[in-house]
Amino acid sequence: MLKLSKYEFRKNRNALLLLIAGLIFLQILYLLALNTKDDDYIFSAAGTLFLYALICYFSIFIFAVTNYYREINSRTSYLIFMTPVSPLRIVLSKMLTVLFLGIILAALLGVLGVWDIHLLASNYEEYTGMLDMINELLLEFGIKTDEIFSSILFTLLTFLLSFYSTIAVIYLCITLTATLLQNSRFKVIVSIVFFLLASEGRSKLEELIGNHYVIRYGERFLDLLFQAWPYTLLNLGVLLLSVTATTWLLKKKLSL
Amino acid sequence: MLQCNHLVKKYRSLAAVNDLTLQFEPGKIYALLGPNGSGKSTFMKIAAGLIHPTSGSILFENQPIGSYSKAHCTYMPTEAYFYSYMTWKDAGNYYRDFFPDFQMDRYETLIDTFGLSMKQKISKMSSGMTAKGKIALALARDSRLCMLDEPLNGIDIIARDQILDAISRYAGNNRTFVISSHLVDELETMVDEAIFIKNGTVVLSGTVEHLTHQAGKSLTELYKDVYRDCVM
């Protein structure tokens, strides 16, 4: 499985290097902008860098989906499916590569983000006092800044888990078009309808859960994670079901 | 070694393989003959695990097609199937990573024999050069069953002799070869058995010696007789 992941990564290497090159370029522009002490340049560079970082991050998932679609509909799929690797390992290797790249990139962007915010703050020392004042004001209302940070991190993680399980559903839809629906004239439409129904079904379940489980923000990070267990279970269930169905289709209905 | 019973593969209303029943014994070289669209490639892809049949059964050493059969079978498709970044070295490394029976030194020798270079990018090769590289990959494995789909297509005359010589060299040791080709006269001297497929069904099969003796003709002339009415 790790060997397959290695080749998954190699296939995307050039695109990833290009994305990172763009990030480095914009980071250099940001540092130069800070040097100019010009507010317009600084905030333009910061805004562009932030937007690019977001695009960069979600590009990983877009690449994963488009690459899988291209591969399963082209002859290069022979390379994987001729090997004695089980369909489950093939699917898991792809999911693992996406997860691994997602985590690495999130960590890299996180570190870069913290450093850039620190540089921005040190560039505007006159506002540091104001930030301390805001901090004190929030404390008066019983809100701690580390709890705000926990809530943001928690929201980010739950969003990413939900997004990752959506990727698994998209993989299933792509596999459907290439297997069970291969000879169907309306395979793309059926696949899209299936995806919309699956997404709607999950939203309804989340709504149902929300009626019985309310997340109390302002708690510690681990407490928030514990509170969110029904949502986590739902997303893990969607992920597991999608991977299982994809594997079954590749094992029983594949026709390259 | 490989046994299929009443194998059918349908694409909508078209039956690419239609009630195919075949048995392949260890240590023999089989010629799978038929015009374009007769079902040869579809059959090979089913045996390689790339296509799931509509009905019927296919077993490799009494096991269904899956990880076990893929570990012991080689399939060389007619199409190019490499990633765009791959050189012949990358392709060799890929095969070495996933097939324990892959012999890298043999592969390098074959690549050299066929006038290729390990550093060449496959996507920039001509169809003939790609075909030679694919054959090198297939022959570098010590698999029990080796299926070559149109291995001589697009290959120059001199290279054809090299390829046929390589196949003869690596056959034996109970290895089974299944070779599909239109170049019947080139295969006639090296194959043990011939299988004629028409419209996805076996119309004639047997040892080359028996078929040619019974018909009083060469395999090439027999091929023309069998497929005379096929629309090209």
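Bear in mind that the values here come from a model prediction, so they are computed numbers and not experimental data.

Undergrad: Looking at this structure, I do not really get the overall build of chain B. What am I missing?
TA: Along the backbone of chain B there are nine helices and ten strands. In terms of overall dimensions, chain B is globule-like: its C-alpha atoms have a radius of gyration of 17 Å, near the 17 Å expected for 232 residues. The buried share of chain B, reckoned over its 232 residues, is 56%. Within chain B, contacts between residues at least 6 apart in sequence are counted, and of these 69% link residues at least 24 apart. Total accessible area on chain B stands at roughly 9,900 Å², and carbon and sulfur atoms take up 48% of it. Each charge class in chain B can be summarised by its mean position, and for the 24 positive and 25 negative side chains these summaries are 8 Å apart.

Undergrad: Is there a simple way to explain the interface of chain B and chain A in this structure?
TA: One frequent convention defines the size of an interface as the accessible area lost when the parts assemble. At the junction of the two partners, chain B supplies 28 residues and chain A supplies 28 residues. When the two sides are added together, the surface that chain B and chain A hide from each other amounts to roughly 2,700 Å², 60% of it contributed by carbon and sulfur. It is B:Leu50, B:Tyr83 and B:Phe98 that lose the most area in chain B upon contact with chain A, and together they represent 26% of the buried surface on that side. Between the two partners, chain B and chain A, sit two salt bridges. As a salt-bridge pair, A:Arg75 and B:Glu79 come within 3.4 Å of each other at their nearest N and O atoms. Here chain B is connected to chain A by 13 residue pairs in polar contact (both at pLDDT 80 or more). Broken down by secondary-structure element, the contributors of at least two residues to the side of chain B that touches chain A are strand E1 (2-11), helix H1 (40-48), helix H2 (67-72) and helix H3 (88-98) of chain B. With five residues, the single largest contributor to the side of chain B that touches chain A is H3(B). In terms of residue class, the side of chain B that touches chain A is made up of 17 nonpolar, four polar and seven charged.

Undergrad: Is there a simple way to explain the packing of H3(B) against helix H5 (residues 127-139) of chain B in this structure?
TA: A pair of packed helices is captured by two measures, namely the crossing angle of their axes and the spacing between those axes. All names here are of chain B. Remark: H3 packs on H5, axes separated minimally by 11 Å, with the N-to-C direction vectors making an angle of 25 degrees. As summarised for this structure, H3 and H5 are arranged roughly parallel, according to the angle between their axes. Between H3 and H5 the crossing geometry is right-handed. Note on element contacts: H5 touches H3 through Met129, Thr130, Gly133, Lys134 and Leu137, opposite Trp88, Ala91, Gly92 and Tyr95. Looking at side-chain class alone, the contact of H3 with H5 contains five nonpolar, three polar and one charged residues.

Undergrad: Teacher, can you tell me more about the pattern of salt bridges here?
TA: When their charged atoms lie close together, side chains carrying opposite charge are able to pair. Applying the stated criterion to the full structure yields 18 salt bridges over all chains. Look at the salt bridges and you will find they share partners, linking A:Glu8, A:Lys11, A:Glu71 and A:Lys94 into a network.

Undergrad: Would you mind showing me how to read the packing of aromatic side chains here?
TA: Aromatic rings in a pair are described by how distant their centres are and how their planes are angled relative to each other. Taken as a whole, this structure holds 23 aromatic pairs over all chains when the rule is applied. Here A:Phe159 and A:Phe163 contribute two aromatic rings whose centre-to-centre distance is 5.9 Å and whose plane-to-plane angle is 25 degrees, an arrangement assigned as stacked. Residue A:Phe159 and its partner A:Phe163 are located together in helix H6 (residues 145-178), separated by four residues, close to a single helical turn. Linked through ring pairs, A:Tyr7, B:Tyr83, B:Tyr85, B:Tyr94 and B:Phe98 together constitute an aromatic cluster. The ring of B:Tyr85 has A:Arg10 lying over it, and the distance from NZ or CZ to the ring centre is 3.9 Å.

Undergrad: How should I be thinking about unusual backbone geometry in this particular structure?
TA: Excluding glycine, residues mostly carry a negative phi; peptide bonds, for their part, are mostly trans. Residue and element names in this part refer to chain B. Positive phi is not limited to glycine here, since His6 has a value of about 50 degrees. Structurally, His6 can be placed in strand E1. You will see that Glu61, though not glycine, has its phi angle at about 50 degrees, which is positive. Looking at the element boundaries, Glu61 is found in the loop between strand E4 (55-60) and strand E5 (63-64). The partly exposed category is assigned to Glu61, whose relative accessible area is 27%.

Undergrad: Looking at this structure, how should I read the confidence of the model for chain B?
TA: Per-residue confidence for chain B gives a mean pLDDT of 90; residues scoring 70 or more make up 99%. What the predictor reports for the complex is a pTM of 0.85 with an ipTM of 0.88.

Undergrad: Any chance you could explain the domain arrangement of chain A here in plain terms?
TA: Residues and elements named next belong to chain A. Looking at chain A, the domain boundaries give domain 1 (1-123) and domain 2 (126-256). The interface is formed by 23 residues belonging to domain 1 together with 20 residues belonging to domain 2. Here domain 1 and domain 2 share an interface that buries about 2,100 Å² over both sides, 82% of which is from carbon and sulfur atoms. Summed over the shared surface of domain 1 and domain 2, the number is zero salt bridges. Our count for the domain 1 to domain 2 interface comes out at three residue pairs in polar contact (both at pLDDT 80 or more).

The rules behind these values
Residues numbered from 1 in each chain as written. Chains lettered and ligands numbered in written order. Predicted model: local features only at pLDDT ≥ 70, side-chain atom pairs only at ≥ 80, totals over all residues. Heavy atoms only, no water. Helix = DSSP H or I, 4+ residues; strand = E, 2+ residues; numbered from the N terminus. Rg over C-alpha atoms; globule rule 2.2 N^0.38 Å. Buried < 20%, exposed > 50% of the residue type's maximum accessible area, 1.4 Å probe, protein only. Contact = heavy atoms within 4.5 Å. Areas by Shrake-Rupley, 256 points an atom, 1.4 Å probe, with all protein chains shown as cover. Lys, Arg positive; Asp, Glu negative; His and termini not counted. Charge placed at Lys NZ, Arg CZ, Asp CG, Glu CD. Buried area = accessible area lost by both parts, 1.4 Å probe. Salt bridge = Lys/Arg side-chain N within 4 Å of Asp/Glu carboxyl O. Polar contact = N/O pair within 3.5 Å; in protein donor to acceptor, adjacent residues only side chain to side chain. Nonpolar A, V, L, I, M, F, W, Y, C, P; charged D, E, K, R; others polar. Axes fitted to C-alpha atoms, helices over the stretch in contact; angles between N-to-C directions. Parallel < 35°, antiparallel > 145°, perpendicular 65-115°, else oblique. Left-handed = near helix turned anticlockwise from the far one by under 90°. Phe/Tyr/Trp six-rings, centres within 6.5 Å; stacked < 30°, edge-to-face > 60°. Lys NZ or Arg CZ within 6 Å of the ring centre and 35° of its normal. pLDDT = per-residue confidence, 0-100. Domains from an automatic or database assignment.

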